[in-house]
Structure formats: structure tokens, C-alpha cells
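Residue-level structure breakdown
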Amino acid sequence: MAEKFLYNFLYTRYEIEKLSQQIKFIDLDVHAQNYSNDSHSKNISDPVADLFMKRERLLYQINSRNKIISQVNNFLDNLRMESRLYPDGVLIIELIYFCKVKTHDVAKKLNISVRTLYQRKKEIIKFFAEFLQKS
């Protein structure tokens, strides 16, 4: 789960933006509704209520994604504070998961073997999983 959060971090931020745009369109639709006729009172679904329910679902989705973003950001802050234990931790996370740099290129940049990089990455992911369990 921890690694999934990291792999999808940028996409999750993108999803939040798209969902926020959908909410803006719903808000515009609500303002455009016309209640000059009585059709909404004859057992026909209320368009504003439908839009409100859709808006609430979108807000729930945004909040759940914001929670993931917050957890990742908090973890990165925590990882920066633990720089003694994981000196290249943030850089490894950013390059591999956010910038999508190939593993052997990251190892070359850090001047370590690919095997060492995998070991460090494994330790960092374990640290993140423990962090998620605590929060």
C-alpha cells in the first residue's frame, strides 16, 4: 500500500484537480437551474438535489485523496528529519516514484550499486509502511 501511494502520488494530485473542476461545473449548473415551473414538485427528481448529491460524492473523493497526499508529504518531512538513518531517502523517493527515473540511473547518480539502491529503497518503503500504520 505504501509503495502504491508513492507510485500514484502525482496522479492523485492530478485527480484532485480534475475533481475540483467538476465541482466548479456543478456549482455553475446549480446557479443555472430554473424553478419558474412546478415540475420539481410533481414526483420528478429535483435537479439541484441530484447535483448536490453528486457534489458531495466528489468532495468525499477529494478528501480521501487529500488524505493520501497529506500522508505522503508528512512522510517525506519525517524522512528529511531522519536524514541520519536515510541520507538519500528523499532523493531516492523523488527520483524513482515522482520523476520515474530508472533504477540503474538513480544508482549511477548516487554512485552506489543497483543492489544497494534496492536495499535502501526497501528500507525506506518499510519505514513508510510503519509510518502509515502509526497515523
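Predicted model only: the values in this text are computed from it and were never measured. Every chain is numbered independently, its residues counted from 1 as its sequence is written. The predicted origin of the model limits local features to residues at a pLDDT of at least 70 and limits the giving and counting of side-chain atom pairs to 80 or more, whereas totals for whole chains, interfaces and linings rest on all residues. In computing side-chain values, all of the structure's heavy atoms are included and hydrogens and water are not.

1. Some thoughts on the overall build of the protein
Going by this rule: Comment: elements are numbered from the N terminus, with helices defined as DSSP H or I runs of at least four residues and strands as E runs of at least two. The buried label goes to any residue with under 20% of its type's maximum accessible area, the exposed label to any with over 50%, and the partly exposed label to all in between, with areas taken from a 1.4 Å probe on protein chains only. Should any heavy atoms of two residues lie within 4.5 Å, those residues are counted as being in contact.
Along its length, the protein carries six helices and zero strands. For the protein, the succession of helices and strands along the chain, N to C, is α-α-α-α-α-α. Expressed as a percentage of the 135 residues in the protein, the buried residues total 30%. Residue pairs at least 24 apart in sequence account for 68% of intrachain contacts in the protein once pairs closer than 6 positions are excluded.

2. Observations concerning unusual backbone geometry
Phi is positive for Lys-100, close to 60 degrees, though the residue is something other than glycine. Residue placement: Lys-100 occurs in the loop between helix 4 (89–98) and helix 5 (103–110). A positive phi angle, close to 60 degrees, is found at Asn-111, a residue other than glycine. Turning to its location among the elements, Asn-111 is positioned in the loop between helix 5 and helix 6 (114–134).

3. Quick word on the environment of Pro-87
Its place among the elements puts Pro-87 in the loop between helix 3 (47–81) and helix 4. Remark: the alpha-carbon pair of Pro-87 and Arg-120, spanning 33 residues in sequence, is separated by 9.9 Å.

4. Observations regarding helix 3
One turn of the α-helix equals 3.6 residues, which is why residues spaced by three or four share an orientation. We count it as follows: How far a helix is expected to stretch is found by multiplying one less than its residue total by 1.5 Å.
With 35 residues, helix 3 ought to run about 51 Å at 1.5 Å a step, and its terminal C-alpha atoms sit 51 Å apart, in line with that. All buried positions along helix 3 are accounted for by Leu-51, Leu-58, Ile-62, Ile-69, Gln-71, Val-72, Phe-75, Leu-76, Asn-78 and Leu-79.

5. Things to note about the side chain of Thr-12
Counted only if it meets this: Whenever a nitrogen or oxygen atom comes within 3.5 Å of another N or O atom, the pair is scored as a polar contact, on the condition that within protein one atom can donate a hydrogen and the other can accept it, and that pairs from neighbouring residues in sequence are kept only if both atoms are in side chains.
Structurally, Thr-12 is set in helix 2 (residues 9–32). In this structure the side chain of Thr-12 is engaged in a polar contact, spanning 2.7 Å, whose partner is the backbone oxygen of Asn-8.

6. Considering the packing of aromatic side chains
Counted only if it meets this: What counts as a ring pair is set by centres within 6.5 Å for rings of Phe, Tyr and Trp (its six-membered ring), and what kind of pair is set by the plane angle: stacked under 30 degrees, edge-to-face over 60, tilted for all other angles.
One pass over the full model with this rule turns up seven aromatic pairs. Considering the side-chain rings of Phe-9 and Phe-98, the 4.7 Å spacing of their centres and the 25 degrees angle between planes classify their relative orientation as stacked. Here Phe-9, found in helix 2, pairs with Phe-98, found in helix 4; they are 89 residues apart in sequence, far enough to count as distant. Look at Phe-98 and you get buried, because its relative accessible area is 14%. Where Tyr-11 meets Tyr-14, the ring centres are 6.0 Å apart and the plane angle is 35 degrees; that geometry is what we call tilted. Highlighted residues: Tyr-11 and Tyr-14, both in helix 2, separated by three residues, approximately one helical turn. Linked through ring pairs, Phe-75, Tyr-86, Phe-127, Phe-128 and Phe-131 together constitute an aromatic cluster.

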